[in-house]
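In case you want the letters, here they are:
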Amino acid sequence: MEAEANSGSLEDSWAFIQSLGEGCRTVPLAGHVGFDSLPDQLVNKSVTQGFCFNILCVGETGLGKSTLMDTLFNTKFEGEPATHTQPGVQLRSNTYDLQESNVGLKLTIVSTVGFGDQINKEDSYKPIVEFIDAQFEAYLQEELKIRRVLHAYHDSRIHVCLYFIAPTGHSLKSLDLVTMKKLDSKVNIIPIIAKSDAISKSELTKFKIKITSELVSNGVQIYQFPTDDESVAEINGTMNAHLPFAVIGSTEELKIGNKMMKARQYPWGTVQACFHYPLPCHAVENEAHCDFVKLREMLIRVNMEDLREQTHSRHYELYRRCKLEEMGFKDTDPDSKPFSLQETYEAKRNEFLGELQKKEEEMRQMFVQRVKEKEAELKEAEKELHEKFDRLKKLHQDEKKKLEDKKKSLDDEVNAFKQRKTAAELLQSQGSQAGGSQTLKRDKEKKNLGFL
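Just so it is clear, the model here is predicted, and its values are computed rather than measured. (Residues numbered from 1 in each chain as written. Predicted model: local features only at pLDDT ≥ 70, side-chain atom pairs only at ≥ 80, totals over all residues. Heavy atoms only, no water.)

**Brief notes about the pairing of strand S4 (residues 160–165)**
Here's step 1: With six of its six residues buried, S4 lies for the most part within the structure.
Here's step 2: Residues Val 160, Leu 162 and Phe 164 point to one face of S4 and Cys 161, Tyr 163 and Ile 165 to the other, with burial holding for every one of them.
Here's step 3: Direction of pairing for strand S1 (residues 51–58) relative to S4: parallel, over a ladder of four bridges. Within S4, the residue paired with Val 58 across the bridge is Tyr 163.
Here's step 4: Each parallel crossover has a hand, and the one from S4 via helix H5 (residues 174–183) to strand S5 (residues 189–193) is right-handed. (Buried < 20%, exposed > 50% of the residue type's maximum accessible area, 1.4 Å probe, protein only. Helix = DSSP H or I, 4+ residues; strand = E, 2+ residues; numbered from the N terminus. Pairing = 2+ DSSP bridges. Right-handed = clockwise from strand over helix to strand, strands pointing away.)

And the structure:
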């Protein structure tokens, strides 16, 4: 990241010197001073700190994304093979520390697992867009800190998107067009035709033309290799005409002639190549077979720094500008006068405090209104309870009166019964006494008769 900052500051300084050159006089030096070693100082510092490069591989499962990465960097990266059973698109990120000569590279490879495997592919691009924005947001948050450590910050922003196109030979899928259209303003897109050995050379040429036409007609902006630098203008201009690159990936080395080359071997007939050997294979590094060498040259050896610079100065700046505008920051006011950051912050802070007070007042009014409504509901419920209590009380009194009346009636009946019972017992007693007297009289009579 510091290498980018140093490169940017050097370019700005050189542009400033050139702008002032017309109005300044040239002063010849009497001897060697030594500031011509500044480029060497920057190179040494950058080499010491190392570089980072982040690649996003987008494409359907099975198009050889991992194999191509292994082939590009001549390394076997660790990774688990993806399946076709993913419920949604997931982004898998892996970072590796590579060393070539005395130059260190922190390489991050991000792969889209499950892309294109769902029945409904309408929102397949969203996780990719969210991931790219998340990396921009993380860098922006680091920039906005009071204590920034950008020189030690691991830049995870995506520098290039290799978009893998299935070798159908017909036209682009709607999924590819929609996804590339959503990504072209956020990342440098380089379209490549994966497994290009699946179609013939004539079909491949027509397929390239068809893809280019569809990209243009749908307004998809792909990365164009820069032609403003005279040292690479010719080769980049030529390579722009070869887009999209048709590539083959392979980590298997076969002996072709007297040279070991990365190639793909097949069990059927021979394949036309610049080497007229009967071996039925495709040489990955043979430009007559595929554009792998072109891709490697353009991506790594010629334009890697431009991809990093385009990511910072174009895509990240667009994201940063939109975010700051959402926060209320602008470069100039309506009168085209420069904005003061402090005044803008104070205005935004006052606006925020005003909105906060307004929301507090709205919440307070809403709370008071809800309290009133609740009080009304409680009063209504209390009224209903009182009415219910009165009804129950009256019902209780009525029931009590009925019970008292019934009790009085029963008491009267009991008293009447007791009186009748007493009278009956009296009559029975009198009857018993009368019967006893008659018995005694009869016994006396019988006795008297006996004596006689």
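Here the narrative resumes.
**Section: the pattern of salt bridges**
Here's step 1: A complete count under the given rule lists 16 salt bridges for this structure.
Here's step 2: With its nearest N and O atoms 3.6 Å apart, the salt bridge here joins Asp 123 to Lys 126.
Here's step 3: Taking relative accessible area as the criterion, Asp 123 reaches 40% and is therefore assigned partly exposed.
Here's step 4: Of the residues examined, Lys 126 reaches a relative accessible area of 37% and is grouped as partly exposed.
Here's step 5: Taken together, the shared-partner salt bridges connect Glu 143, Glu 317 and Arg 320 into one network. (Salt bridge = Lys/Arg side-chain N within 4 Å of Asp/Glu carboxyl O.)

**Some remarks on H5**
Here's step 1: Restricting attention to buried positions, one finds in H5 the residues Leu 175, Asp 176, Leu 177, Thr 179, Met 180 and Leu 183.
Here's step 2: Packing partners of the buried residues in H5 comprise S1, helix H4 (126–143), S4, S5 and helix H6 (201–217). (Contact = heavy atoms within 4.5 Å.)

**Some details on the sheet that holds S1**
Here's step 1: Spatially, S2-S3-S1-S4-S5-S6 is the arrangement adopted by the six strands of the open sheet, whose pairing is mixed. Each edge of the open sheet carries a strand with a single partner, namely strand S2 (90–100) and strand S6 (245–246).
Here's step 2: Sheet topology note: the S5/S6 ladder contains two bridges and is parallel. Bridging across to S6, Ile 192 finds its partner in Phe 245.

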